[in-house]
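A look at the structure
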Amino acid sequence: MTNKVAFKEAFNVIAGGVNSPVRAFASVGGEPCFIAQGKGAYIKDIEGNKYIDFVQSWGPLLFGHCDKDIVKACKKALKKGTSFGAPTLSESKLAKLVLENFPHLDKIRFVSSGTEATMSAIRLARGFTKREKILKFEGCYHGHSDSLLVSAGSGAATFNTPSSLGVLNEVAKQTLVARYNDIQSVKELFEKHGEEIACVIVEPIAGNMGLVLGEQEFLEELTRICKQNKALLIFDEVMSGFRASFLGSFGINKIEADIVTFGKVIGGGLPAAAFAARAEIMDILSPLGGVYQAGTLSGNPLAMAAGIVSISKAKKDKELYKRLARLAKMLTQGLSELAEERGVPFTSTFVGSMFGYFFTENPVKNYQDALKSDLKLFAKFHQNMLKQGIYLAPSQFETGFICDKMDEKMIIKTLEAARKSFKTL
């Protein structure tokens, strides 16, 4: 079966033909690749085409596809049962592994998706502060719960309207939106609504407007403003946790957020996410307190088994993130040099095993900067790279990932493909 036929068939029975919108290739054209299998750094589609995979399931696969240790742990867990709806020892084991190097986090609660983690973190913050409004940043995606599915309108900072049908205006109006890396837009909102704001949620390393790094001064000032106004600071590290460094952004900026959300890597490729905070905050969760949160598959034994191996391997390998960062640097610098040779507007960045690039000449510090990218050039580039066996995220506003199974030869091959692709732009 071809990808085209498979997509047509899926379109008849699955809304939009996909179970997550970006998979549809709408912004790059053509039909999506239907993946048959993955191994290490590679994936193969149903037509037999093989690709170097820089998506890595959107981040979870730090050790690539079908890592033998993770597969072994999952098989062992599978033989004992897939789900119990009751506590298991593996939940406590993974909890300790995640928490042990974060001095500001005492307790954790596992869920099954990043959306659940951020939604629950906000409910927790509202319950703890007894306030209703939240503040987020334009271009930062925190899942598809109603309070968070908004983005900024015109102006630097404003009340917002829903960016999805089905989200009530009354809900969206409780969400304030500021500009990323612009502390003045935050100050203006706190001056007007400070006593109403329960929390500020932010990706300290933004990965959903493309890769954009939160500036140290911006994040430090954000922390100070939250403390001054008794609002909780939530760092969404669903993407950057155990990816940007072993300790995510905390390993880089040393900022202690009140609540931190995790996902992706902590599940090792299976559905797992979490939110964590100091005991004072976490203890108001049910069954101890009045903030309710539950999930049938939360702490699923298969996901816990995969997560334990994933985090344990990352912790044990002291050179892991240095190796991955060297490859990310080699890739992004190489792409920038090739683009410059051809006179193609281009800028790129990386942090740890995460990388991003934009088809614009100017630095990208926020969502408005990212929107200046040439989306037609990006689509052409993506199509050309795919034809040469390089699988990149099919959206200008997504982040790429390096996995442990990649090496310099793969980066060189990718850059050779990019050289040919830039010539066609």
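Bear in mind that the values here come from a model prediction, so they are computed numbers and not experimental data.

1. Considerations on the packing of aromatic side chains
Applying the stated rule across the entire model yields 22 aromatic pairs. Pairing Phe 102 with Phe 242 gives two aromatic rings, centres 6.4 Å apart and planes at 85 degrees, and the pair type is edge-to-face. Of this pair, Phe 102 sits in the loop between α3 (89-99) and β4 (107-111) while Phe 242 sits in the loop between β11 (232-237) and α8 (250-253), and the two are 140 residues apart along the sequence. On the basis of relative accessibility, which here comes to 1%, the residue Phe 242 falls in the buried class. Between Phe 346 and Tyr 357, the ring centres sit 5.7 Å apart and the planes meet at 20 degrees, which makes this aromatic pair stacked. Within this pair, whereas Phe 346 is found in the loop between α11 (320-342) and β14 (347-351), its partner Tyr 357 is found in strand β15 (residues 354-358), the two being separated by eleven residues in sequence.

2. As for helix α7 (residues 216-228)
Its 13 residues give α7 an end-to-end C-alpha distance of 18 Å, which sits within 8% of 18 Å, the value for a rise of 1.5 Å per residue. Those residues of α7 that fall on the buried side of the exposure criterion are Phe 218, Leu 219, Leu 222, Thr 223, Ile 225 and Cys 226. What you see down the axis of α7 is that its buried residues fit within an arc of 165 degrees, all on one side. Exposed residues lying more than 90 degrees from the buried face of α7 are Glu 217, Lys 227 and Gln 228. The elements touched by buried residues of α7 are β5 (133-137), α6 (183-193), β8 (197-202), β11 and α8.

3. Considerations on the side chain of Ser 310
For Ser 310, the location among the structural elements is in helix α10 (residues 301-316). Judged by its relative accessible area of 1%, Ser 310 is buried. Engagement of the side chain of Ser 310 in a polar contact is seen with the backbone oxygen of Val 265, the distance being 3.1 Å. Ignoring anything within four residues of it in the chain, the contact list for Ser 310 reads Phe 63, Ile 70, Val 265 and Gly 268.

4. Brief notes about a nonpolar patch on the surface
Where nonpolar side chains cluster on the molecular surface, the patch consists of Met 1, Val 5 and Ile 46 and spans about 270 Å² of accessible area. Its location among the elements puts Ile 46 in the loop between β2 (42-45) and β3 (50-53). With relative accessibility at 32%, the residue Ile 46 sits in the partly exposed group.

5. A few points about the pattern of salt bridges
Within the structure shown, the criterion is met by 15 salt bridges. The closest approach of N and O atoms between Glu 196 and Lys 133, which form a salt bridge, is 4.0 Å. You can see Glu 196 sitting in the loop between α6 and β8 and its partner Lys 133 sitting in strand β5, a full 63 residues away along the chain. On the basis of relative accessible area, Glu 196 is assigned to the partly exposed category, the value being 37%. A relative accessible area of 9% means that Lys 133 is categorised as buried. With a shortest N-O distance of 2.6 Å, Glu 221 and Arg 224 are connected by a salt bridge.

6. Here's the deal with the packing of α6 against α7
Put simply, α6 and α7 touch, their axes get as near as 10 Å, and they point 10 degrees apart. Compared by their axis directions, α6 and α7 come out roughly parallel. Two secondary-structure elements touch here, α6 through Ile 183, Val 186, Lys 187 and Phe 190 and α7 through Phe 218, Glu 221, Leu 222 and Ile 225. Of the residues belonging to the contact of α6 with α7, the class tally is six nonpolar, no polar and two charged.

7. Let's talk about the UniProt feature "modified residue: N6-(pyridoxal phosphate)lysine" (unreviewed entry) in the protein
UniProt feature "modified residue: N6-(pyridoxal phosphate)lysine" (unreviewed entry): in the numbering of this structure it lies at Lys 264. Mapped onto the elements, Lys 264 comes out in the loop between β12 (259-262) and β13 (273-277). Not counting the four nearest positions on each side in its chain, Lys 264 is found in contact with Trp 58, Gly 59, Pro 60, Val 238, Met 239, Gly 269 and Ala 272.

8. Quick word on the sheet that holds β15
The antiparallel open sheet is built from three strands, whose spatial order is β14-β15-β17. Of all the strands in the sheet, just β14 and β17 (400-401) have a single pairing partner and so form its edges. Across two bridges, the pairing between β15 and β17 is antiparallel. Looking at β17, one finds that Met 354 is bridged to Phe 401. On the sheet, α11 packs against β14 and β15 and is oriented at approximately 175 degrees with respect to β14.

Analysis parameters
Per-chain numbering applies: the sequence of each chain, read as written, is numbered from 1 onward. For this predicted model, a pLDDT threshold of at least 70 governs which residues receive local features, and a threshold of 80 or more governs which side-chain atom pairs are given and counted, while totals over whole chains, interfaces and linings are taken from all residues. Hydrogens and water are ignored here; the side-chain numbers use all heavy atoms of the structure. Pairing of aromatic rings covers Phe, Tyr and Trp, the last counted by its six-membered ring, and requires centre-to-centre distances within 6.5 Å; plane angles under 30 degrees mean stacked, over 60 mean edge-to-face, and any other angle means tilted. Elements are defined by DSSP. Helices are runs of H or I of four residues or more, strands are runs of E of two residues or more, and each kind is numbered from the N terminus. Note on classification: 1.4 Å probe, protein chains only; a residue is buried when its accessible area is under 20% of the maximum for its type, exposed when over 50%, partly exposed between these limits. To estimate how far a helix should extend, the number of its residues minus one is multiplied by 1.5 Å. The arc in question is traced by the directions running from the helix axis to the C-beta atoms. Note on contacts: a residue pair qualifies if any of its non-hydrogen atoms lie within 4.5 Å across the two residues. Any pair of N or O atoms that falls within 3.5 Å is considered a polar contact. Within protein, one atom must be able to donate a hydrogen and the other to accept it, and sequence-neighbouring residues count only if both atoms are side-chain atoms. Patches here: salt-bridge-free residues with over 30% relative accessible area, like charges joined within 9 Å, nonpolar side chains (Val, Leu, Ile, Met, Phe, Trp, Tyr) joined within 5 Å. Each accessible area value is a Shrake-Rupley result obtained with a 1.4 Å probe; residue values ignore everything except the protein chains displayed when judging cover. Here, a salt bridge means any side-chain nitrogen of Lys or Arg that lies within 4 Å of a carboxyl oxygen of Asp or Glu. To get an axis, a line is fitted to the C-alpha atoms, and for a helix only the part in contact is used. The angle between two axes follows their N-to-C directions and goes from 0 to 180 degrees. Roughly parallel refers to an angle under 35 degrees, roughly antiparallel to one over 145, roughly perpendicular to one between 65 and 115, and oblique to any angle outside these ranges. Residue polarity follows a fixed list, in which Ala, Val, Leu, Ile, Met, Phe, Trp, Tyr, Cys and Pro are nonpolar, Asp, Glu, Lys and Arg are charged, and the others, Gly among them, are polar. UniProt positions are given in the numbering used here, feature names are shortened, and annotations may be inferred rather than shown by experiment. Following DSSP output, two strands are said to pair if at least two bridges run between them.

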